[in-house]
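One-letter residues, chain by chain:
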Amino acid sequence: MEPSARREEAPLTPREIYERLDRYVIGQDAAKRAVAIAAHNHLKRVQARRVRRQSLIKKSNILLIGPTGSGKTHIARNLAEILHVPFTTVDATEYTEAGYYGKDVEVMISDLLLKANHSVEDTQRGIIFVDEVDKIARRSQGARNGAGSRDIGGEGVQQGLLKLLEGREVYVPLNVTQAWNKSDFVQVDTRDILFICAGTFSDLHDAGDESSRPLGFGADATARLQRRISTRQLVEFGMLAEFLGRLPVVVQLELLGEPELMRVLTEPPDSIVREFHELLAMDDLELDFDDAALREVVHYSVSRGLGARGLRSILEHVMADVMFEAPEHRKRHLRVDADYVRARLKGLDAVQLNV
């Protein structure tokens, strides 16, 4: 059989993608299902173009909306590993409109090209995660703050991203650190690059009718976070309608509660507790966490609104003395209980947690 006639491998089904995501991402079932469907459609679109077949399948770029520590970056990173494609994370606040001091939007393609070892073919099927996209909302006070009437870090960045999201052949610099050097560039087609944008859009969670807000004793304070954020609200927030139109899959993530955060600590194959077990096992130490001790860590994270992202910083602080002394006390069994965790958490508010 001719190589060109060799049958293409069938793309992963949405259920297969969901089940693999479910191993590493706790909770957020609706978000994982939506991302799995979008990723499956993306794989089919790439496959159709690879065999040079005309296809009606449009890009399934994704917009993730959710509070800090709800797993937006975690979902995107694990999705890239499942699909075996290059992946890069960029911060939307680093970019400015073309012609101004700062990064041009084409530099994010350069980042992906670097992660793909400068393979243009691999780059053109990769995933770019654009974080803090809510920070590039249109700003109306530009003329009053001395920056002039051009919104070079907000609306200008959104307009620059339009061509990348839609799909265009663009020239990107080979050297990320010298993006101004236009003599060394390569042409990249962004039509098959999947863009996953994410933002907290925190102001929108508190907006809405008075009638939709929980009232009275025992009212569920999280009800507002479950409401669907409309496209109209996003436009009023400052996002361009054209920009949102190129992000057809909008996924809202829920605020993780204590049961979900408890599972985050212990269940995933790459969980933080498993990591500490492995680290101390290399020093011939057996580590054991009481459930009550882990609940103290989770409760602290929830009470400070840190979400899943804050769990590592909290546990690193709690285990600092243990990790310092561990190499000198081999072949012992260490048990971390709730009293020890509470003692370590005292005064932690005075420490700047890295979240």
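This text follows the structure it describes.
Okay, so let's go over this structure. Predicted model, so just to flag it, every value in this text is computed and none were measured.

**Here's the deal with the environment of Arg191**
Looking at where Arg191 falls in the secondary structure, it is placed in the loop between strand E5 (185-189) and strand E6 (194-199). According to the relative accessible area criterion, Arg191 is partly exposed, its value standing at 31%. Sequence separation between Arg191 and Val46 is 145 residues; the distance between their C-alpha atoms is 9.2 Å. With residues up to four places along the chain from it excluded, the contact list for Arg191 reads Arg45, Arg49, Lys59, Gly167, Arg168 and Glu169. Within the structure, Arg191 has its side chain in polar contact with the side chain of Asp189 (distance 2.4 Å).

**Overview of unusual backbone geometry**
Positive phi values are uncommon outside glycine, yet His84 reaches one of about 60 degrees. By the element assignment, His84 lies in the loop between helix H3 (72-83) and strand E2 (87-91). When its relative accessible area of 61% is taken as the criterion, His84 is described as exposed. Notably, Phe201 is not glycine yet its phi reads approximately 50 degrees, a positive angle. Here Phe201 is to be found in the loop between E6 and helix H7 (202-205).

**Considering the packing of aromatic side chains**
Summed over all chains, the structure comprises two aromatic pairs. Ring geometry for Tyr171 versus Phe185: centroids 5.0 Å apart, planes at 85 degrees, classification edge-to-face. Taken together, the residues Tyr171 in strand E4 (residues 169-173) and Phe185 in strand E5 connect sequence positions 14 residues apart. In this structure Phe185 comes out as partly exposed when scored by relative accessible area, which is 41%.

**What to know about the sheet that holds E6**
With respect to topology, five strands assemble into an open sheet ordered E2-E3-E6-E1-E7, the strand pairing being parallel. For this open sheet the edge positions go to E2 and strand E7 (249-252), each flanked by a neighbour on one side alone. On average, adjacent strands in this sheet sit at an angle of 20 degrees to one another, irrespective of strand direction. Where H3 meets the sheet, it contacts strand E1 (62-65), E2, strand E3 (127-131) and E6, and its direction lies at approximately 175 degrees from that of E3.

**Some points on H3**
Each full turn of the α-helix corresponds to 3.6 residues, which orients residues three or four apart in the same direction. The terminal C-alpha atoms of H3, which comprises twelve residues, lie 17 Å apart, in line with the 16 Å expected from a rise of 1.5 Å per residue. Where burial is concerned, most of H3 is hidden: nine out of the twelve residues are buried. Where H3 ends, the next residue or the one after it, His84, has phi of about 60 degrees, a positive value.

**A few points about the environment of Pro269**
Tracing the backbone through its elements, the reader meets Pro269 in the loop between helix H11 (258-266) and helix H12 (272-281). Distance from Pro269 to Tyr24, taken between C-alpha atoms, is 6.8 Å for residues 245 residues apart in sequence. Once you skip the residues sitting within four places of it in the chain, Pro269 turns out to touch Arg23, Tyr24 and Arg274.

**Considering the pattern of salt bridges**
If you walk through the whole model with that rule in mind, you get 20 salt bridges. Across the pair Arg263 and Glu267 runs a salt bridge whose closest N-O atoms are separated by 3.1 Å. Residue classification places Arg263 among the partly exposed residues on the basis of a relative accessible area of 35%. Two residues, Arg344 and Asp321, come together in a salt bridge whose shortest N-O distance is 3.2 Å. With Arg344 in helix H16 (residues 338-345) and Asp321 in helix H15 (residues 320-325), this residue pair connects regions lying 23 residues apart in the sequence. The exposure class assigned to Arg344 is buried, which follows from its relative accessible area of 18%. For Asp321, a relative accessible area of 43% corresponds to the partly exposed category. The structure contains a network of salt bridges with shared partners spanning Asp22, Asp29 and Lys32.

Quick notes on the rules
Residues numbered from 1 in each chain as written. Predicted model: local features only at pLDDT ≥ 70, side-chain atom pairs only at ≥ 80, totals over all residues. Heavy atoms only, no water. Helix = DSSP H or I, 4+ residues; strand = E, 2+ residues; numbered from the N terminus. Buried < 20%, exposed > 50% of the residue type's maximum accessible area, 1.4 Å probe, protein only. Contact = heavy atoms within 4.5 Å. Polar contact = N/O pair within 3.5 Å; in protein donor to acceptor, adjacent residues only side chain to side chain. Phe/Tyr/Trp six-rings, centres within 6.5 Å; stacked < 30°, edge-to-face > 60°. Pairing = 2+ DSSP bridges. Axes fitted to C-alpha atoms, helices over the stretch in contact; angles between N-to-C directions. Expected span 1.5 Å × (residues − 1). Salt bridge = Lys/Arg side-chain N within 4 Å of Asp/Glu carboxyl O.

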